[in-house]
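So you can see what is in the structure, the chains are spelled out below.
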Amino acid sequence: MAYVQQLTKPTPTDMQTNKPTSTIVQQQLMNNPLNPSLTTTKQTQPDIHQQQQQLMNTNLNPVHNLGAKTETQQLVHGNLNTVQTPSNIRQQLTRDGRPMFSSADDNMMMKHIQGTHTPDGREIVEVKPLLQLVEDIISRANPRFDAIGISGTPGHTEVLEERTYSPNFIAMLDSVGYLIDRISSEIAYKSASGGDGHSTTMAILNLVSYYSWDTKLVLALAAFAVQYGEFWLIGQTYSSNHLAKSVAMLRQLPEVLQNSSMFKPRFEAIMNLINAMLDIAKCIVAFKELPSQYVKPDHPALSTAMVHIPMAVYWAIRSIVACADQITGLAVLGQEHTISTQEAWELSSSAHKLSNMHKHLVNQLEICYKDIDERKFDEGYNHLKRSFQTTHIDNLRVLWLLISSKEDQPPLVDGVTKRRVNLDVLKRKNVLLLTSDLDISQEELSILEQIYNESRHHSIRQESQYEVVWLPILDPAVPFTEARKKQFENLQSGMPWYTVHHPSLIDRAVIKFIKEVWSFKKKPILVVLDPQGRVASPNALHMMWIWGSRAFPFTTIREEALWNEETWRLDLLVEGIDPVILNWMNEGRYICLYGGEDMEWIRRFTGSARAVAQSAGIPLEMVYVGRSNPKDRVRRNISTILVDKLSYCWSDLTLIWYFWVRIESMWHSKNQLGKTPDNDTIMREIISLLTFDSSEGGWAIFSRGSGGGHDITKAKGPQFHTCLIDYNIWKVDVQEKGFIPAMHDYLAKIHPQHHCNRLVLPGTAGMIPENIACSECGRIMDRFIMYQCCDD
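Remember, it's a predicted structure, so these values are computed and weren't measured experimentally.

So, how was this worked out
Residues numbered from 1 in each chain as written. Predicted model: local features only at pLDDT ≥ 70, side-chain atom pairs only at ≥ 80, totals over all residues. Heavy atoms only, no water. Helix = DSSP H or I, 4+ residues; strand = E, 2+ residues; numbered from the N terminus. Areas by Shrake-Rupley, 256 points an atom, 1.4 Å probe, with all protein chains shown as cover. Buried < 20%, exposed > 50% of the residue type's maximum accessible area, 1.4 Å probe, protein only. Polar contact = N/O pair within 3.5 Å; in protein donor to acceptor, adjacent residues only side chain to side chain. Pairing = 2+ DSSP bridges. Contact = heavy atoms within 4.5 Å. Axes fitted to C-alpha atoms, helices over the stretch in contact; angles between N-to-C directions. Right-handed = clockwise from strand over helix to strand, strands pointing away. Salt bridge = Lys/Arg side-chain N within 4 Å of Asp/Glu carboxyl O. Phe/Tyr/Trp six-rings, centres within 6.5 Å; stacked < 30°, edge-to-face > 60°. Lys NZ or Arg CZ within 6 Å of the ring centre and 35° of its normal. Core = buried A, V, L, I, M, F, W, Y, C linked by side-chain atoms within 4.5 Å.

Caption draft 1: Expanded view of the overall build of the protein. A tally of helices and strands in the protein yields 32 helices and 16 strands. Carbon and sulfur atoms make up 51% of the accessible area of the protein, which amounts to about 37,200 Å² in all.

Below you can see the structure in the form of structure tokens.
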């Protein structure tokens with residue numbers, strides 16, 4: 001096998017004379033701003049060996065620094081007072097706030113590091129599970145400090161978790177096990193012989209030269225994890241296991257583990273450096289796992305990262321060697337292995353260095369992730385558009401695209417049982433997607449629930465063969481706070497139909513699709529999918545408000561058919577709102593609907609109307625319908641009307657809201673079908689009512705029974721009031737024409753030539769036409785934009 005060739009490299013003893021540790025390389029390393037532990041005075045290699053040997057014969061410890069020895073380096077450079085300060089080190093670590101990966105001083109180092117990299121394309125190492133195994137060892141081995149000393153585990157007995165590994169992973173460990181041992185031997189040789197950290201790091205890089213950069217680092221971490229784990233395995237069990245206690249006695253570990261106050265700073269420094277190494281490794285592995293279909297090798301962020309990764313791997317492995325030095329020193333020399341302030345700072349500064357490298361790499365990784373998200377977003381959006389243009393066997397495919405399922409949990413909540421269910425409950429059914437944000441009004445929910453429940457009570461009727469699903473569309477940029485979560489849950493708990501379990505199940509691409517393709521803006525829409533998942537209506541909410549379940553199956557064809565059956569009559573305006581009015585119609589009574597907020601006009605108008613009805617001898621019923629978006633003024637008017645018995649009115653503001661929302665829905669329905677005031681009589685009358693509601697003052701409609709045509713008339717408040725006062729003028733025509741036609745003709749005579757109408761269209765979904773003609777004179781109305789708060 002190919003990896004066997006790499007394992008036949010010279011032994012550590014043989015390699016000591018062949019490592020790339022020339023005077024030039026050593027000087028480059030000393031001058032490297034990323035190596036704060038080294039000074040810059042030039043020395044030859046023989047001088048270094050001679051002074052190292054002198055130092056080994058003194059009481060100074062031979063194994064306690066990052067790379068070459070701290071005291072040794074100070075002696076080597078002939079200046080014991082040349083010690084880097086923390087501020088100097090921080091200044092050298094960065095330049096303009098960014099890690100100095102590729103400065104001019106690093107070029108030679110980079111060449112030597114790259115010179116060890118001769119990959120042959122082998123992919124036998126499962127890097128991610130191996131890294132997870134390393135993390136598991138280190139997390140369980142990390143010491144915990146208590147009042148007595150240092151312990152590896154909490155006070156309670158740990159419950160062993162049986163973790164299974166794939167056969168491929170076990171086979172992979174068998175194939176690289178010898179290589180991991182070789183790396184461990186190289187590290188141990190350095191610690192025992194006092195070799196410098198750079199040479200050992202380069203030797204390790206030569207051992208793993210055939211592998212990718214992420215694999216090199218993870219293999220080195222695995223070798224270190226073995227040593228680190230064995231050390232703490234003894235430390236954690238020596239007090240309860242005789243074998244571990246005997247080994248610990250030989251290594252003098254009880255003394256080390258019990259003197260926590262002395263060794264705590266060292267262990268903390270080692271742990272911080274280990275965490276920094278793991279962060280670097282996970283980041284580099286994450287780069288390797290980037291999907292190639294989204295991030296090409298020439299991607300700017302990936303290219304930038306690949307330039308810096310070799311140096312990051314070098315310093316991470318060098319930090320591994322430094323940490324191993326510390327562990328070996330403790331295991332061999334025990335309490336005699338003291339650590340100086342400078343040495344502790346070097347471990348800390350190395351962790352700081354790796355942290356800076358990690359931050360820079362993470363920035364590049366986040367750029368890649370962002371680009372991947374955008375590519376997936378565009379891909380998902382386009383796929384969604386294509387799916388709705390394709391014919392399917394059933395509707396499940398498009399429903400799965402609209403509502404994603406996470407963690408294999410059912411994505412829907414049954415409105416009746418409140419249990420989570422799968423999308424299969426909607427298979428091959430007509431599905432009405434109620435799409436809204438969290439600001440959907442209680443009036444809308446109340447009326448929709450009433451219609452929905454009525455359809456369920458007639459289960460044998462065709463109208464009941466549909467399901468409603470609430471799609472909560474929230475702005476992804478707005479945090480889903482606890483308050484918004486509570487608001488969502490309150491809405492969800494009150495809905496009797498299916499709801500999406502959580503807003504996060506609606507993907508960002510789906511939100512864009514619903515807003516751009518289905519024209520969802522702010523107000524709710526009701527998109528209808530037929531049993532094959534095709535859009536039967538872009539918004540059936542208007543049909544639902546006008547005809548209820550009679551509009552089933554809520555298709556555009558059904559909408560046109562219903563309009564073909566309609567004429568402009570009072571039944572159309574009040575159907576399904578109040579059975580009292582329908583009874584009056586059946587009895588042939590005259591009915592007057594009037595609205596507005598001017599209470600003085602209401603008093604004058606109702607008084608004049610009753611006087612005219614009494615004079616004409618007609619049974620007249622009057623109903624106050626307020627105005628759209630009823631507020632406090634309408635509520636006060638209702639109270640006054642009821643107390644003074646001026647007329648009949650709806651005390652429930654929901655009914656007033658429903659009356660006006662049906663009129664608005666008629667306009668949107670007609671507009672959605674392409675109707676205009678020029679070619680559609682009902683559209684013209686609807687615009688007139690909306691104009692009345694938008695203008696100041698009152699208005700009124702008179703009608704008799706359920707008839708249309710000449711049996712219904714309307715006008716603004718002042719014009720109507722004048723008509724009633726002038727009753728003696730036109731009453732002569734009542735016997736010949738009838739009461740309503742005579743009133744209609746007189747209203748046309750007194751209609752002012754100069755008028756100013758205002759039309760405020762509701763800001764709901766659907767196309768707002770560019771031009772709208774006045775319902776009275778036919779002129780094109782000027783267009784303005786109005787913003788209105790909902791408060792009085």
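Caption draft 2: Broad picture of the environment of Trp568. Structurally, the position occupied by Trp568 is in the loop between α22 (556–564) and α23 (570–574). Residues Trp568 and Arg684, 116 residues apart in the sequence, show an inter-C-alpha distance of 10.0 Å.

Caption draft 3: Structural view of helix α10 (residues 197–207). Most of α10 sits out of view: 10 of its 11 residues are buried. Taken residue by residue, α10 has Gly197, His198, Ser199, Thr200, Thr201, Met202, Ala203, Ile204, Leu205 and Leu207 as its buried positions. N-capping of α10 is provided by Asp196, with a side-chain oxygen placed 3.1 Å from the backbone N of His198.

Caption draft 4: A look at the sheet that holds strand β16 (residues 712–716). Judged by pairing direction, the sheet is mixed, and its five strands sit side by side in the order β14-β13-β12-β15-β16 without closing on themselves. Each edge of the open sheet is held by one strand with a lone partner, namely β14 (648–649) and β16. The pairing of strand β12 (residues 590–595) with strand β15 (residues 699–704) spans six bridges and is classified as antiparallel. Within the sheet, the bridge partner assigned to Tyr590 lies in β15 and is Arg704. Sitting on the sheet, helix α25 (residues 599–616) is in contact with β12, β13 (620–624) and β15, with an inclination near 165° to β13.

Caption draft 5: A look at the pairing of β12. Taken across its six residues, β12 has six buried, putting it largely inside the fold. Here β12 shows a buried face lined by Tyr590, Cys592 and Tyr594 and a second buried face lined by Ile591, Leu593 and Gly595. Bridge count for β12 against β13 is five bridges, and the pairing is parallel. Bridge pairing links Tyr590 to Leu620 in β13. One crossover worth recording links β12 to the parallel β13 by way of α25, and it is right-handed.

Caption draft 6: How the structure looks around the pattern of salt bridges. Scanning the model with the defined rule gives 22 salt bridges in all. A salt bridge links Glu467 to Lys429; its shortest N-O distance comes to 3.5 Å. Separated by 38 residues along the polypeptide, Glu467 in strand β8 (residues 466–472) and Lys429 in the loop between β6 (420–421) and β7 (430–436) bring together distant segments of the chain. According to the relative accessible area criterion, Lys429 is partly exposed, its value standing at 32%. A salt bridge links Lys737 to Asp745; the nearest nitrogen and oxygen atoms lie 2.8 Å apart. Looking at Lys737, the relative accessible area reads 38%, which means it is partly exposed. The exposure class assigned to Asp745 is partly exposed, which follows from its relative accessible area of 30%. Salt bridges linked by common partners bring Glu597, Arg627, Arg633 and Asp693 together as one network.

Caption draft 7: Structural context of the sheet that holds strand β11 (residues 535–537). Taken together, seven strands build an open sheet; the order of strands is β6-β5-β9-β8-β7-β10-β11 and the sheet is mixed. Taken across any chain shown, the strands that pair with only one partner, and hence form the sheet edges, are β6 and β11. Note that strand β5 (residues 412–413) and strand β9 (residues 498–500) share two bridges and pair antiparallel. Bridge pairing in β9 links Val413 to Thr499. Contacts from helix α19 (residues 482–493) reach β5, β8 and β9, with the element oriented near 170° to β8.

Caption draft 8: The arrangement of the packing of aromatic side chains in detail. All chains considered together, the criterion is met by 31 aromatic pairs. When the centroid spacing of 5.1 Å and the interplanar angle of 35° are considered together, the rings of Phe702 and Phe720 count as tilted. With a gap of 18 residues between them, Phe702 in strand β15 and Phe720 in helix α29 (residues 717–725) connect regions that are remote in the sequence. Pairwise contacts between aromatic rings join Tyr594, Trp601, Phe605, Tyr624, Phe702 and Phe720 into one cluster. The side chain of Lys353 reaches across the aromatic face of Trp315, ending 3.3 Å from its centre. In this structure, Lys670 is placed above the aromatic ring of Trp563, and the distance from its NZ or CZ to the ring centre is 4.3 Å.

Caption draft 9: Region of the structure containing the nonpolar core. Among the nonpolar cores identified, the biggest contains 101 residues, and Phe554, Tyr594, Phe605, Phe659, Phe702 and Phe739 are the most heavily contacted of them. Beyond its immediate stretch of four places on either side in the chain, Phe702 contacts Ile591, Cys592, Phe605, Ala609, Leu620, Asp711, Ile712, Thr713, Phe720, Phe739, Ile740 and Met743. Counting residues in hydrophobic clusters, the runner-up holds 81 residues, among them Ile204, Ala276, Ala286 and Leu365.

Caption draft 10: Molecular detail of the side chain of His542. As for its placement among the helices and strands, His542 is situated in helix α21 (residues 541–547). We classify His542 as buried; its relative accessible area is 5%. Separated by 3.2 Å, the side chains of His542 and Asn539 make a polar contact.

Caption draft 11: Representation of the pairing of β15 within the structure. When you tally the buried positions in β15, you get five out of six residues, the bulk of the element. Here five bridges tie β15 to β16, and the two strands are oriented antiparallel to one another. Within β16, the residue paired with Trp699 across the bridge is Lys716.

Caption draft 12: Molecular detail of the environment of Arg140. Within the element layout of this structure, Arg140 appears in helix α8 (residues 127–141). Separated by 92 residues in the primary sequence, Arg140 and Trp232 have C-alpha atoms spaced 8.9 Å apart. There is a polar contact of 2.9 Å between the side chain of Arg140 and the side chain of Asp136.

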